[in-house]
Each structure stands twice: as C-alpha cells, then as structure tokens.
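What follows is each chain in one-letter form.
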Amino acid sequence: MKKPTIWIVSSIAIITIGLVIMGFMFDVSENEKQNGLTGIYDVTIDGIIAFVEFERGKPSLYQSDKDGKKELLAQFPVDQTIVDVSFSNDGQILSYAVTDKEMDMDSNTEIHFIHMDTMQDEVAFTENAIVTEIAFDPKDSSLLFYLRADTFTNYSPITGERPHDFDVYSFKVDMKKSERHTHMKKYAMSSLHVSSDDDTVFVQMTDDDDVQSADDVFQAKQRIFQIPLSDPEEKEIISDPSGHEDIYDFLIIPERNEIIFQAVSGTKSNGIFQYDLFSFNYETFETEQLTTMRSNASKPLRGPDDQIYFIVDRRFGERQPDYHLYKMKIDGGETMEVPLNH
C-alpha cells in the first residue's frame, strides 16, 4: 500500500474515532429532548397559575401571576415527571404529584405541598403506587383527594403498558392518614373533581357496568359519573346518558346547571380527530359547542372573573405536542391565549 493511501486511511480512522467519542459526550437522550409547556396546570380564583414545563427533559413547576411573571417553584431530574397539580380553595397550598417518567409496577408517587406564604416545599406523603390526579376538597383545604392505579400493565396486545385498576382515595393532612373510598378497580378513571356542596366526587370513566360481550365493550361510552362518598355503589351518570359522543375532561358549573366537557368535534383530512369544548345543561339537556380550535382543546378549569381556562395542543396527533394555555368567557365566544413565559 502506498504511503498516501495509508495516510488517508489513518486520517479517516482518527476522525471516525473522534466523532464517536464526541457522540458519546454530546448524546442527548429522548428524555432530554422534551421541552416546553405540558398540559398540567391549575389556576386560583385570584388568577395565579401553576403549570409544568419540561426544560431539557427536567419537569419544572412554575407559578405565574396576573402579569405573566414566571417563578420556578420546583424542578426534578429527567427520569421523573410531575403528573398533576392542585391549589387548595384558598390558594394557600399548592400540591403536586411526582412519579417515574418511565412508569412500571414498582413506581411510587410523592405528593408534595408548597405553602405559598413561606414557599416551603414538603413531601406530605408517598403512595406505593401510581397516582395520576389530585384535587383538594373546596370545602376543606386539609383534605386532598386523588386517583390511584393499583396495576401497570397492558390488558391488550395492541396497547402499551398503562396504569389500570383505578379507585378514589383521600389524604387527611392534619391526621396524616389516607382513606380508600371506592373499590371499583376501573380500567381507566380521570378528570377528578370534588363537590363544593356535599360529600361527592365526580370522575370520567367508561359506562361499562352492564357490559356482557366484546361488542358491548366496543359500544360503551365515556361518561361523567357522580359518586357519593357515603355510598359509592350508588354512583350515577350526570352527563347526557343517551349522548353518542365520548366525554373526556370536564368542569361542572353548578349555578348554571352546566357541564363543560371535551369531546370530538370533527376529523382532519389525515383522519385524526379534533377535540373541542362543549357545554351540557343537565336540566334542559341542551348541548352547545363553545370552541372551534380545530386541534385538541382540553382540561377546562374555572379562573377569576368567570373565565374558563383550557389547554390547546396545536400539534395534536404529531410526535411532539405544542401546548398553549387559553381562556374564554364562561358562555364561550372569543378565546384568548394566556402568556406564561414572561
């Protein structure tokens, strides 16, 4: 072999080895590629917003005041995630739940309390299971309800592993004691809300009590259920029981006898569903579409001045979501984006 050829081969080998070393040094994991706002937030009646962002994969909890001023409250490593946040009714405590980003049967969940007057952050309790949602009782700021899943598996060969066997629990802060309220072991349960009038909680889940066959499973719809804590077996559907649409996230407006809920509003040309917010009056049984976002509007919450806040994913159906926070009047109409990055 001629010397110039040897020199070229040696140079290529040295460059290749250098690039491999640099690749290991600067490799960015899939977790670290996560950036931007998530769909997890809560808002007080005074307009303080708590929300979660990923910063190079690190789940970061922020608060934003009425002027959009942003303040970091907590941040965790890339292998963890913040699954939900909830303000107490008086806005004095902010609770949030942290678990493994890659969940499995051995995942635990830490429930934190931030005392907003001192900004002290404490671990209130730990569940040896996956907690997916938390919600303070608006009647009692020392009582936190949560949804807990007892298994993490795939019940179908065509779906991935997910939390299953859900039930409703609560944690009494002053007694440092948890209590289980239901024994349903539901396949899925979400959108936890606690009544401001009585000892009742509301959740979204499948209306499958009378399912007898695979066809029945396919036909079963997602409904909103009211569960009396004194007798959970007496749960009842409060959304339109004859409606043909599946209902997902929701918000109850008791003085208007209304439920604001998320449902499919159309289909894009590529076959991906579009989700918008609707209102349902459970006295008149009238339904009205409130938004026309043509993407995915979700997680309606009530904020100050009878404004309804909600999340929009502008890239719904794509690999990376693009979440933005919006608000509108309680009866719909013009929507306005809420800035969170000042």
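Definitions and cut-offs
- Residues numbered from 1 in each chain as written.
- Predicted model: local features only at pLDDT ≥ 70, side-chain atom pairs only at ≥ 80, totals over all residues.
- Heavy atoms only, no water.
- Buried < 20%, exposed > 50% of the residue type's maximum accessible area, 1.4 Å probe, protein only.
- Helix = DSSP H or I, 4+ residues; strand = E, 2+ residues; numbered from the N terminus.
- Pairing = 2+ DSSP bridges.
- 1 Å grid on protein atoms, 1.4 Å probe; cavity = no way out; pocket = protein on both sides within 12 Å on 5 of 7 lines; lining within 4 Å.
- Points joined across faces, edges and corners; volume = space filled by probe spheres on them.
- Nonpolar A, V, L, I, M, F, W, Y, C, P; charged D, E, K, R; others polar.
- Axes fitted to C-alpha atoms, helices over the stretch in contact; angles between N-to-C directions.
- Phe/Tyr/Trp six-rings, centres within 6.5 Å; stacked < 30°, edge-to-face > 60°.
- Lys NZ or Arg CZ within 6 Å of the ring centre and 35° of its normal.
- Patch = residues over 30% accessible without salt bridge, like charges linked within 9 Å, V, L, I, M, F, W, Y side chains within 5 Å.
- Areas by Shrake-Rupley, 256 points an atom, 1.4 Å probe, with all protein chains shown as cover.
- Salt bridge = Lys/Arg side-chain N within 4 Å of Asp/Glu carboxyl O.
- Lys, Arg positive; Asp, Glu negative; His and termini not counted.
- Charge placed at Lys NZ, Arg CZ, Asp CG, Glu CD.

In the annotation of an unreviewed UniProt entry, the protein is listed under the name TolB protein and assigned to Sporosarcina contaminans.

Participant: Looking at this structure, how should I read the pairing of strand 9 (residues 130–137)?
Facilitator: On any regular strand, side chains alternate: one points to one face of the sheet, the next to the other face. Of all eight residues in strand 9, eight are buried, a share of seventy percent or more. Pairing analysis gives seven bridges linking strand 9 to strand 10 (residues 140–153), with the strands arranged antiparallel. Directly across from Val131, in strand 10, lies its bridge partner Arg148. Between strand 9 and strand 10, which follow one another and run antiparallel, lie two residues.

Participant: Help me out: how do you make sense of the layout of surface pockets in this one?
Facilitator: If you add up the space inside the second largest pocket, you get close to 190 Å³. Lining of the second largest pocket is provided by 17 residues; of these, Ile49, Lys66, Tyr309, Lys327 and Val338 occupy positions nearest its centre. Of all the secondary structure elements, the ones that give two or more residues to the lining of the second largest pocket are strand 22 (307–313) and strand 24 (332–337). By residue class, the composition of the lining of the second largest pocket is six nonpolar, four polar and seven charged.

Participant: How should I be thinking about the sheet that holds strand 4 (residues 70–75) in this particular structure?
Facilitator: Strand pairs in the sheet, formed through backbone hydrogen bonds, run parallel or antiparallel to each other. Strands sit in the order 1-2-3-4 across an open sheet of four strands; the sheet is antiparallel. Every other strand in the sheet has two partners, leaving strand 1 (36–43) and strand 4 as the edge strands with one partner each. Taking each pair of neighbouring strands and ignoring which way they run, the sheet shows an average axis angle of 30 degrees. In terms of strand pairing, strand 3 (residues 58–64) meets strand 4 through five bridges, oriented antiparallel. Looking across to strand 4, one finds that Leu61 is bridged to Ala74.

Participant: Quick question: what am I supposed to make of the packing of aromatic side chains here?
Facilitator: Aromatic ring pairs are reported here in terms of the distance separating the ring centres and the angle at which the planes meet. Tallying each qualifying case throughout the model produces 13 aromatic pairs. Centre to centre, the rings of Phe125 and Phe171 are 4.0 Å apart; their planes meet at 20 degrees, and the pair counts as stacked. One end of the pair, Phe125, is in strand 8 (residues 120–127); the other, Phe171, is in strand 11 (residues 162–172), and 46 residues separate them in sequence. The exposure class of Phe171 is buried, given its relative accessible area of 4%. A connected cluster of aromatic rings, assembled from ring pairs, spans Phe125, Tyr146, Tyr169 and Phe171. Geometry around Tyr62 places Lys70 over its ring, the cationic atom sitting 4.4 Å from the centre.

Participant: I would appreciate a short explanation of a negative patch on the surface in the present structure.
Facilitator: Together, Asp231, Glu233, Glu234 and Glu236 make up a negatively charged patch on the protein surface. Of note, Glu233 is situated in the loop between strand 15 (222–228) and strand 16 (236–237).

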